[in-house]
Amino acid sequence: MSPASRPVSRPVSRPRSRPLSPHLQVYRWQISNTLSILHRLTGVALAFGGLALVGWLLALASGQAAYAAVTWVLTSLPGQIFLIGWSFCFFFHLCNGLRHLVWDAGYGFDRVVARKSGVAAVAVASVLTVIFWVVALTGVVA
Amino acid sequence: MSLKSPLGRALGLGSSGTGTEQWLGQRLSAIALVPLTLWFALSLLAFPTLDFYAVTAWVSAPLHAVLLVLLVMALVYHSSLGTQVVVEDYVHAPGQRTLTLIILRLVHIALAVTGILAVFLIATRSPL
């Protein structure tokens, strides 16, 4: 084979061990980043909850049969699990969202305060979820 | 003085000069959702039963219908902006990303229209 007809060698893909800029794995796992991720996850879960809310309203607008079908789905065991999950997602996203709004206003950035407010957000959200379901299932209000 | 390079300026790269309204819209809808969602959660708890007639009568009250439409609008807007940021952060393939963003936007528009129209239809339904 003459040198001229040799195929042009294309650069081989770079070695995989090349240095990379620091990413998630170099940081210690702690409450601030956990709750940041949880805020997004619960937000995405609640987007589907919004879908369920609109579905519920559409069923109510469509008539008794459709409403009965949706009620049956929501009160089934998987439906109940989803509702309980969404309720916790809602209360957490609400509490942590308020925490974010306080940060946006420029307060609460101190490391100790930020950790405490994180613990508080999880605690308050858990308590509110339990209270909500106790009241819903025992009908204290009604 | 612009900090963009001449080439960047010609290609329209660099800061777009817009985007603040999206950040602000996310926060404003969040603030609106605090009372609206809490009102909705408390209303659900106050229902003796969630049967068809009781819920229909409740939605038909003008104040409830207005608040429900506001809830749907704020919720869908907040959801649209939030999920858009998630896709922008994690979906990198250009075609896939654009397609996902388009589908997401269309789904949210459909959700808003469906939710608002549903409340309107329930509220204006002739007494059963």
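Residues numbered from 1 in each chain as written. Chains lettered and ligands numbered in written order. Predicted model: local features only at pLDDT ≥ 70, side-chain atom pairs only at ≥ 80, totals over all residues.

Draft legend 1. Spatial organisation of the overall build of chain B. Tallying secondary structure elements over chain B gives five helices and zero strands in all. For chain B, the succession of helices and strands along the chain, N to C, is α-α-α-α-α. In terms of overall size, chain B is more extended than a compact globule, its C-alpha atoms giving a radius of gyration of 20 Å where 128 residues would be expected to give roughly 14 Å. Its C-alpha atoms give chain B principal-axis dimensions of about 70 × 30 × 25 Å. (Helix = DSSP H or I, 4+ residues; strand = E, 2+ residues; numbered from the N terminus. Rg over C-alpha atoms; globule rule 2.2 N^0.38 Å.)

Draft legend 2. Geometry of the interface of chain B and chain A. Taken together, the contacts link 28 residues of chain B with 24 residues of chain A. Going through the elements one at a time, α2 (20–46), α3 (52–60), α4 (62–90) and α5 (94–124) of chain B are the ones with two or more residues in the side of chain B that touches chain A. When the residues that make up the side of chain B that touches chain A are grouped by side-chain class, the tally is 20 nonpolar, seven polar and one charged. (Contact = placed C-beta atoms within 7 Å. Nonpolar A, V, L, I, M, F, W, Y, C, P; charged D, E, K, R; others polar.)

Draft legend 3. Representation of the packing of helix α1 (residues 31–62) of chain A against α4 of chain B within the structure. It is at 10 Å that the axes of α1 of chain A and α4 of chain B come closest, and there the two elements cross at 140°. Judged by the inter-axis angle, α1 of chain A sits oblique to α4 of chain B. Relative to α4 of chain B, the crossing made by α1 of chain A is left-handed. Across from Arg40, Gly43, Val44, Ala47, Gly50 and Val54 of chain A in α1 of chain A, the residues of α4 of chain B making contact are Val72, Leu75, Val76, Ser79, Gly82, Thr83 and Val86 of chain B. Broken down by class, the residue content of the contact of α1 of chain A with α4 of chain B amounts to seven nonpolar, five polar and one charged. (Axes fitted to C-alpha atoms, helices over the stretch in contact; angles between N-to-C directions. Parallel < 35°, antiparallel > 145°, perpendicular 65-115°, else oblique. Left-handed = near helix turned anticlockwise from the far one by under 90°.)

Draft legend 4. A look at the nonpolar core. Core analysis: the largest hydrophobic core is formed by 22 residues, its most contacted members being Leu57 and Leu60 of chain A together with Val72, Ala118 and Val119 of chain B. For this core, the leading source of residues is α1 of chain A, giving seven residues. In this structure Val72 of chain B touches Val54 of chain A together with Ala112, Gly115, Ile116 and Val119 of chain B, once residues within four positions along its chain are discounted. Phe90, Phe92, Leu94 and Ala121 of chain A belong to the second-largest nonpolar core, a separate cluster that totals eleven residues. (Core = buried A, V, L, I, M, F, W, Y, C linked by C-beta atoms within 7 Å. Buried ≥ 20, exposed ≤ 12 C-beta atoms within 10 Å, placed from the backbone.)

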